[in-house]
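Observations on chain architecture
Listed below are the residues making up each chain.
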Amino acid sequence: MNFEIVAGERQNNLVIYQNEKFFKTNFVKYLCAYKWKCINKKCNAKIYINESLTDIVKYDVDHQNHEKQSINTLKKKPFSNQLKRKLTDFTESLAKIINREILKNPQIENIIENDHVNNIKQCIHRERRKHIPTLPKNLIEVIEAMNNREIKTVEDFEESIHAGAKIIWPLIQIIGCRFHLTQSWWRKIQEIGLTPMNGSS
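As a starting point, this report considers the structure included with it. (Residues numbered from 1 in each chain as written. Predicted model: local features only at pLDDT ≥ 70, side-chain atom pairs only at ≥ 80, totals over all residues. Heavy atoms only, no water.)

Notes on the side chain of Asn 50
Note the following rule: Put simply, DSSP marks the helices as runs of H or I at least four residues long and the strands as runs of E at least two long, and each gets a number from the N terminus on. Whether a residue is buried, partly exposed or exposed follows from its accessible area with a 1.4 Å probe, protein chains only, as a fraction of its type maximum: under 20%, in between, or over 50%, in that order. Contacts are assigned to residue pairs that have any heavy atoms within 4.5 Å of one another.
Within the secondary structure, Asn 50 is located in strand β5 (residues 46-50). Since its relative accessible area comes to 14%, Asn 50 is described here as buried. The contacts of Asn 50, once residues within four sequence positions are left out, are Cys 32, Ala 33, Asp 55 and Val 57.

A closer look at the packing of aromatic side chains
Keep this limit in mind: In this analysis, rings of Phe, Tyr and Trp, with Trp reduced to its six-membered ring, are considered paired at centre separations within 6.5 Å, and the interplanar angle assigns stacked below 30 degrees, edge-to-face beyond 60, and tilted for intermediate values. We call a charge positioned over a ring when the NZ of a Lys or the CZ of an Arg lies within 6 Å of the ring centre and within 35 degrees of the ring normal.
What the rule picks out here adds up to one aromatic pair. On the basis of an interplanar angle of 65 degrees and a centroid distance of 4.9 Å, the ring pair of Phe 27 and Tyr 34 is categorised as edge-to-face. Geometry around Tyr 34 places Lys 24 over its ring, the cationic atom sitting 4.5 Å from the centre.

What about the nonpolar core?
Condition: For the purposes of this section, nonpolar cores are sets of buried Ala, Val, Leu, Ile, Met, Phe, Trp, Tyr and Cys residues that join through side-chain atoms within 4.5 Å.
By size, the foremost hydrophobic cluster in this structure holds twelve residues: Phe 3, Val 15, Tyr 17, Phe 22, Trp 36, Cys 38, Cys 43, Ala 45, Ile 47, Ile 49, Ile 56 and Val 61. Going through the elements one at a time, β2 (13-17), β4 (33-38) and β5 are the ones with two or more residues in this core. Setting aside chain neighbours within four positions, we find Val 15 in contact with Phe 3, Glu 4, Ile 5, Glu 20, Lys 21, Phe 22, Trp 36, Ile 47 and Ile 49. With five residues, the next largest nonpolar core counts Leu 94, Ile 98, Ile 102 and Ile 124 among its residues.

So far we have only geometry, and geometry alone does not tell us how the molecule works.
Below, the structure is given as structure tokens:
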């Protein structure tokens, strides 16, 4: 019997059999197989697949209380789930991610519609927002948020500024300002009379 294993929304695997999706529940010892139930809670349809996920050893696919989904709908859902799992680069545009995945799955290109693409973009946007830290609401929260991060700052060479920054953020990495450094060098060059040697009048 032909069935297909696809990725689900909750980082789990689903089985597509006879245009219906099933999720894994428990292991049945006397059959040496896992029981998979229809994803519709009102439906009692179930199949039993062996441990190696190669054969269906028993099935009861009398779907009740719901209509069967179309093949196109079943194919679109795993595609959007795969996209959600690849949100590692938050700087990459959504359109670029979607286009790249469509090129990898040519069969999707013929069945996917603009409305579905927009829905995928919204899902990805919501998924990305989960990984974005909340904005601090006051100065104390700003300090706490920055204490949990590796901070680098560019400052001039005044000791009081460095000391103040170290008090607030002990682990801060202070980098000297190149502009102020070259200004200081130039003043020293003028002070000791080396200006003509540098081609200046």
